[in-house]
Amino acid sequence: MEMHTWKHVFKLDPDKEISDDALELVCESGTDAIIVGGTTNVTFDNTIDLLSRIRRYALPCALEVSNMEGIVPGFDFYFVPLVLNAQNPDLILGAHVEGLKEHGPFIKWEEVAVEGYVVCNPDSTVAQLTESRTEIDEDTMKAYARLADQMLRLPVLYIEYSGTYGNPDMVKAARKVVQNSQIFYGGGIRTPEQAQEMAQWADTVVVGNAVYENIEHALATVEAVKRQK
Ligand SMILES: CC(C)=CCC/C(C)=C/CC/C(C)=C/CC/C(C)=C/CC/C(C)=C/CC/C(C)=C/CC/C(C)=C/COP(=O)(O)OP(=O)(O)O
Ligand SMILES: O=P(O)(O)OC[C@@H](O)CO
Ligand SMILES: [Mg+2]
């Protein structure tokens, strides 16, 4: 799967407005791919609408599945989150079993990557929805990293600080023990310096909200990450 080479990606939320001009800048920024995803109000209609607009451009596009309604055919990849520190039983594996009952026979598994999420910002929507245990020190992060990488052999370890800039030492701790999983870092990146800092330890840096808050700063993260790598 070509995603191994991704250093920088933008995450676009189907529930948020983006103008055609801004979308063009994002898709022609030199980023490696677009992930479509969000925690709330992701529907079939707003997802297919965003996909069809992104398809005007040549870059790869992955759907990060967050609910059943928002599953749309036609993406290059499907990322399925498994929240390793979730305590809400319905979202640990229950949703996945329901998803497999409906879609199991039709899935092209070569397009699918399961992401081992470690949700770290207690104030984020995703932390609240999944009731994630977010008080994590470096040793605990290393344990989650080993869980994803060595025990479960997941292709992706996703260190998620959605909405707030995280602690680079946590990403560094994960880096020390991960052997094969691709480390994604996402959360609160609003400047090139922050993107560059996380790119020291993460394989792939994810920029989301900044696209909607300050497009120029968001675009500047692309070159910052590529320079670091
Ligand atoms: C076309 C076709 C048949 C495709 C197949 C797709 C596929 C491979 C399906 C597999 C079957 C399956 C396992 C389905 C179940 C999917 C499912 C509902 C899983 C639950 C995932 C989960 C734990 C969701 C909780 C929320 C979460 C982790 C979201 C991830 C994305 C994220 C963190 C976005 C950031 O959101 P945030 O910015 O914090 O919030 P806002 O939206 O408020 O901004
Ligand atoms: O929106 P931000 O805070 O950049 O986070 C990106 C991504 O990790 C969210 O799932
Ligand atoms: Mg968001």
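Computed from a predicted model, the values in this text were never measured in an experiment. (Residues numbered from 1 in each chain as written. Chains lettered and ligands numbered in written order. Predicted model: local features only at pLDDT ≥ 70, side-chain atom pairs only at ≥ 80, totals over all residues. Heavy atoms only, no water.)

## Description of the overall build of the protein
No. 1: When helices and strands are counted, the protein shows nine helices and eight strands.
No. 2: Whereas a compact globule of 229 residues would reach a radius of gyration of roughly 17 Å, the protein reaches 16 Å, a difference of no more than 12%.
No. 3: Expressed as lengths along the three principal axes of its C-alpha atoms, the size of the protein is roughly 45 × 45 × 30 Å.
No. 4: For the protein, with 229 residues in total, the buried portion stands at 50%. (Helix = DSSP H or I, 4+ residues; strand = E, 2+ residues; numbered from the N terminus. Rg over C-alpha atoms; globule rule 2.2 N^0.38 Å. Buried < 20%, exposed > 50% of the residue type's maximum accessible area, 1.4 Å probe, protein only.)

## Remarks on the confidence of the model for the protein
No. 1: Mean pLDDT over the protein stands at 97; residues scoring 70 or higher make up 100%.
No. 2: The ipTM assigned to the predicted complex is 0.96, against a pTM of 0.98. (pLDDT = per-residue confidence, 0-100.)

## Notes on the UniProt feature "binding site: sn-glycerol 1-phosphate" (unreviewed entry) in the protein
No. 1: When the UniProt feature table is mapped to this numbering, "binding site: sn-glycerol 1-phosphate" (unreviewed entry) covers Lys11, Tyr158, Ile159, Glu160, Tyr161, Ser162, Gly163, Gly188, Gly208 and Asn209.
No. 2: Tracing the sequence through the fold places Lys11 in strand β1 (residues 8–12).
No. 3: By relative accessible area, which is 12% here, Lys11 ends up buried.
No. 4: Within the local environment of Lys11, its side chain forms a polar contact with the side chain of Glu64, the two groups lying 2.7 Å apart. (UniProt positions renumbered as here; feature names shortened; annotations may be inferred. Polar contact = N/O pair within 3.5 Å; in protein donor to acceptor, adjacent residues only side chain to side chain.)

## A closer look at the pairing of strand β3 (residues 61–64)
No. 1: Here β3 shows two buried faces, one formed by Cys61 and Leu63 and the other by Ala62 and Glu64.
No. 2: The sheet contact formed by strand β2 (residues 33–36) and β3 spans three bridges and is parallel. Of the residues in β3, the one forming a bridge with Val36 is Leu63.
No. 3: For the handedness criterion, the β-α-β arrangement of β2, helix α2 (residues 44–54) and β3 is classed as right-handed.
No. 4: Sheet topology note: the β3/strand β4 (residues 77–83) ladder contains three bridges and is parallel. Counted as the bridge partner of Glu64 is Phe79 from β4. (Pairing = 2+ DSSP bridges. Right-handed = clockwise from strand over helix to strand, strands pointing away.)

## Some remarks on the packing of aromatic side chains
No. 1: Under the defined criterion, the tally for this structure stands at nine aromatic pairs.
No. 2: Their ring planes at 15° and their centres at 4.3 Å tell us that Tyr117 and Tyr158 sit as a pair that is stacked. Of this pair, Tyr117 sits in strand β5 (residues 112–119) while Tyr158 sits in strand β6 (residues 156–160), and the two are 41 residues apart along the sequence.
No. 3: Ring-pair connections join several aromatic residues into one group, and the members of that group are Trp6, Phe77, Phe79, Tyr117, Tyr158 and Phe184. (Phe/Tyr/Trp six-rings, centres within 6.5 Å; stacked < 30°, edge-to-face > 60°.)

## A word on the state of the cysteines
No. 1: Within the structure shown, the criterion is met by zero disulfides.
No. 2: The thiol sulfur of Cys27 is not disulfide-bonded, and the nearest other cysteine sulfur, from Cys61, lies at 7.9 Å.
No. 3: With relative accessibility at 8%, the residue Cys27 sits in the buried group. (Disulfide = S-S within 2.5 Å.)

## Structural notes on the site of ligand 1
No. 1: Around ligand 1 sit 31 residues, and of these Asp13, Thr39, Glu64, Glu160 and Ser162 come closest.
No. 2: Within the side chain of Asp13, one N or O atom sits 3.3 Å away from an oxygen atom of ligand 1.
No. 3: Thr39 places a side-chain nitrogen or oxygen 2.6 Å from an oxygen atom of ligand 1.
No. 4: Look at ligand 1: alone it shows 1,100 Å² of surface, and the protein chains cover 92% of it.
No. 5: Listed by contribution, the elements that provide at least two residues to the shell around ligand 1 are β4, α3 (89–103), β5 and α4 (125–130).
No. 6: In terms of residue count, the dominant contributor to the shell around ligand 1 is α3 (six residues).
No. 7: When its residues are assigned to classes, the shell around ligand 1 shows 15 nonpolar, eleven polar and five charged. (Near = heavy atom within 4 Å. Areas by Shrake-Rupley, 256 points an atom, 1.4 Å probe, with all protein chains shown as cover. Nonpolar A, V, L, I, M, F, W, Y, C, P; charged D, E, K, R; others polar.)

## Considerations on the sheet that holds β2
No. 1: With respect to topology, eight strands assemble into a closed barrel ordered β1-β2-β3-β4-β5-β6-β7-β8, the strand pairing being parallel. Recorded for the sheet is a direction-independent mean angle of 30° between the axes of neighbouring strands. (Axes fitted to C-alpha atoms, helices over the stretch in contact; angles between N-to-C directions.)

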